Amino acid sequence: MNRILRLYAFLLPLLAAVFVFEFGVNVPYWDEFELAGMMSGGPGFWKYITAPHNEHVMPLGKLAYYALARLTSMDSKAMMYLSVIILSIPYLLLVRRIRTHDLMAAAATVLIFFTAFFSPRSCVNLLWGFQPPYLAAFSFGILAILSCDWFLRTRNGWHLLAASLCCTAASLCSAHGLLSWVSVALAAIYSRQFRKCLASLAPAAIIAACYLVSARHFPPAAGGGGVSPAGSVRYFLTFLSGHLLFNARAGWVTGLAALTIAAYLVLRKNAGSSFLFVSLAAFGVLIAAAVSFGRSRFGLEEALTSRYFQLQTPLFLAFGVYLAEGHHAVDSASAGPGNPRRFAAGSCLVLLTVLGLASYNTARGMQSAAEFREERLRGAEIMRDSGA
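Residues numbered from 1 in each chain as written. Predicted model: local features only at pLDDT ≥ 70, side-chain atom pairs only at ≥ 80, totals over all residues. Heavy atoms only, no water.

Digging into the overall build of the protein
Scanning the protein from N- to C-terminus turns up 18 helices and zero strands. For the protein, the proportion of its 388 residues judged to be buried stands at 51%. Partitioning the intrachain contacts of the protein with sequence separation of at least 6 by distance along the chain shows that 79% fall at a separation of at least 24. For the protein, the computed accessible surface area is about 17500 Å², with 67% contributed by carbon and sulfur atoms. (Helix = DSSP H or I, 4+ residues; strand = E, 2+ residues; numbered from the N terminus. Buried < 20%, exposed > 50% of the residue type's maximum accessible area, 1.4 Å probe, protein only. Contact = heavy atoms within 4.5 Å. Areas by Shrake-Rupley, 256 points an atom, 1.4 Å probe, with all protein chains shown as cover.)

Notes on helix 7 (residues 103-118)
The end-to-end C-alpha distance of helix 7, which contains 16 residues, comes to 22 Å, matching closely the 22 Å that a straight helix rising 1.5 Å per residue would cover. The element helix 7 is largely enclosed, with a buried count of 13 among its 16 residues. (Expected span 1.5 Å × (residues − 1).)

A look at unusual backbone geometry
Phi is positive for Ser73, which is not a glycine, with a value near 55°. In this structure, Ser73 sits in the loop between helix 5 (59-71) and helix 6 (76-97). The exposed category is assigned to Ser73, whose relative accessible area is 65%. Even without being glycine, Arg155 reaches a positive phi, approximately 60°. When you line up the elements, Arg155 lands in the loop between helix 9 (132-154) and helix 10 (157-171). The exposure class assigned to Arg155 is partly exposed, which follows from its relative accessible area of 36%.

Here we look at the nonpolar core
Counting 101 residues, the largest nonpolar core has Tyr91, Phe113, Leu127, Phe239 and Leu317 as the members making the most contacts within it. Ranked by the residues each element gives to this core, the list is headed by helix 9, at 13 residues. (Core = buried A, V, L, I, M, F, W, Y, C linked by side-chain atoms within 4.5 Å.)

Re a nonpolar patch on the surface
On the surface, a nonpolar cluster with roughly 380 Å² of combined accessible area is contributed by Ile189, Tyr190, Phe194 and Leu198. Going through the elements one at a time, helix 11 (182-191) and helix 12 (194-200) are the ones with two or more residues in the nonpolar patch. Its location among the elements puts Phe194 in helix 12. On the accessibility criterion, Phe194 (39% relative accessible area) is partly exposed. (Patch = residues over 30% accessible without salt bridge, like charges linked within 9 Å, V, L, I, M, F, W, Y side chains within 5 Å. Salt bridge = Lys/Arg side-chain N within 4 Å of Asp/Glu carboxyl O.)

Structural notes on the pattern of salt bridges
Taken as a whole, this structure holds four salt bridges when the rule is applied. Taking the shortest distance from any N to any O, the salt bridge between Glu22 and Arg373 comes out at 3.2 Å. Separated by 351 residues along the polypeptide, Glu22 in helix 2 (residues 13-23) and Arg373 in helix 18 (residues 339-386) bring together distant segments of the chain. Salt bridges linked by common partners bring Arg97, Asp149 and Arg153 together as one network.

Let's talk about the packing of helix 2 against helix 6
Where helix 2 meets helix 6, the closest approach of the two axes is 10 Å, and the angle between their N-to-C directions is 165°. It follows from the interaxial angle that helix 2 and helix 6 lie roughly antiparallel. Between helix 2 and helix 6 lies a crossing whose hand is right-handed. Across from Pro13, Ala16, Ala17, Val20 and Phe21 in helix 2, the residues of helix 6 making contact are Lys77, Met80, Tyr81, Val84, Ser88, Tyr91 and Leu92. Residue composition of the contact of helix 2 with helix 6, by class: ten nonpolar, one polar and one charged. (Axes fitted to C-alpha atoms, helices over the stretch in contact; angles between N-to-C directions. Parallel < 35°, antiparallel > 145°, perpendicular 65-115°, else oblique. Left-handed = near helix turned anticlockwise from the far one by under 90°. Nonpolar A, V, L, I, M, F, W, Y, C, P; charged D, E, K, R; others polar.)

Observations regarding the packing of helix 6 against helix 9
At a closest axis distance of 10 Å, the pairing of helix 6 and helix 9 adopts a crossing angle of 20°. Overall, the two elements helix 6 and helix 9 adopt an arrangement that is roughly parallel. For the pair helix 6 and helix 9, the crossing hand works out as left-handed. On helix 9, the residues that touch Met79, Leu82, Ser83, Ile86, Leu87, Ile89, Pro90, Leu93, Leu94 and Arg97 of helix 6 are Pro132, Leu135, Ala136, Phe138, Ser139, Ile142, Leu143, Leu146, Asp149, Trp150 and Arg153. In terms of residue class, the contact of helix 6 with helix 9 is built from 16 nonpolar, two polar and three charged.

Details of the confidence of the model for the protein
Looking at the protein, the pLDDT average stands at 82 and 84% of residues meet or exceed 70. Ignoring residues within four places in sequence, the model shows residues 330-338, a span with pLDDT below 50, making seven contacts including any to other chains. (pLDDT = per-residue confidence, 0-100.)

A look at helix 6
For helix 6, built from 22 residues, the straight-helix expectation of 32 Å at 1.5 Å per residue is met to within 8% by its first-to-last C-alpha distance of 33 Å. Ser88 marks the point of greatest bend in helix 6, at about 30°, and the proline Pro90 comes within the next four residues. Structurally, the start of helix 6 carries an N-cap: the backbone nitrogen of Lys77 is 2.9 Å from a side-chain oxygen of Asp75. (Bend = angle between axes of the 7 residues up to and from the residue. Polar contact = N/O pair within 3.5 Å; in protein donor to acceptor, adjacent residues only side chain to side chain.)

Considerations on the environment of Arg307
When you line up the elements, Arg307 lands in the loop between helix 16 (275-295) and helix 17 (314-331). We classify Arg307 as partly exposed; its relative accessible area is 29%. Between the alpha carbons of Arg307 and Arg121 there is a distance of 9.2 Å; along the sequence they are 186 residues apart. Not counting chain neighbours up to four residues away, the residues in contact with Arg307 comprise Val124, Asn125, Gln131 and Glu302. Within the structure, the side chain of Arg307 is placed 3.1 Å from the side chain of Glu302, a separation counted as a polar contact.

The following block contains the structure:
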């Protein structure tokens, strides 16, 4: 990839930090008040740390949040900057993974990656101090996929161990982190080293057992039911494209198209069958299925909420990987004479489409962020007037 473009891509996360600086407000919000009562570390502290939070068992996430809250005197804005750092690590590693030398394909891929991690559309996640544990689970999941990809290219067992540790951390930060273990399972299939990969999957069984034990303490709203199978499918498809659109009716159609294209690319057995593409797509599809099981009863509009943004992007990231790896394959000597032009035209079309969607989402996201800031400022004023 062009050095100037790579440098530009590495500097892009600074825009997210500027976004937090401009719209973030240092005032507790929603779940943050729950932690405020535990700051003294009283007798109920460990019960709170190990207790389910909705459908999540997140002791590592709560402990990390508690430690940072103590370190920063519960500065909510510091937590927001931490969210940017957490998302920057997998973003930068994915950018580093881009191998194509075509400027158009590389630019489109960088824009896809940046939009997936830092779009203003995800303003609730970036401007809410309680979100680092959830974003950490997502980031650890992406890091696990990258570690397995490195294992497949080097056959170095340390990369597989790193993937197992990332999956364990993801699972202890949020429920969707459990789904990151699919990367290790796929690595076993791709590498044919089943014994080594199965050993790395051992923590998954223990954590899953803990979730089963804790399931009886989950609130009723966390379970499925109350919605027709067709409604759950529509929610699932809407969730897959929720980060692209604000319209629930068009969302499930777009999600169906994205799923169909992904399946087609996998069956073609070219760059679409690469481990990185398949594992990212599988991670995204599994997250969508899990969320639709737990949340479809709340209606299709629930699938479009900002706090789900990053969870909706792995399939989108997979298409970015395909764009980069597919063009890298076209650059190879085995590519046919007509392929480079067709791929360049496709890259240009993708870039224009992503630019359009990114611009639309940025405009809507900035508007939502401004409203979010005003809401927080009103909350800060109320707390100040009440002497809290």
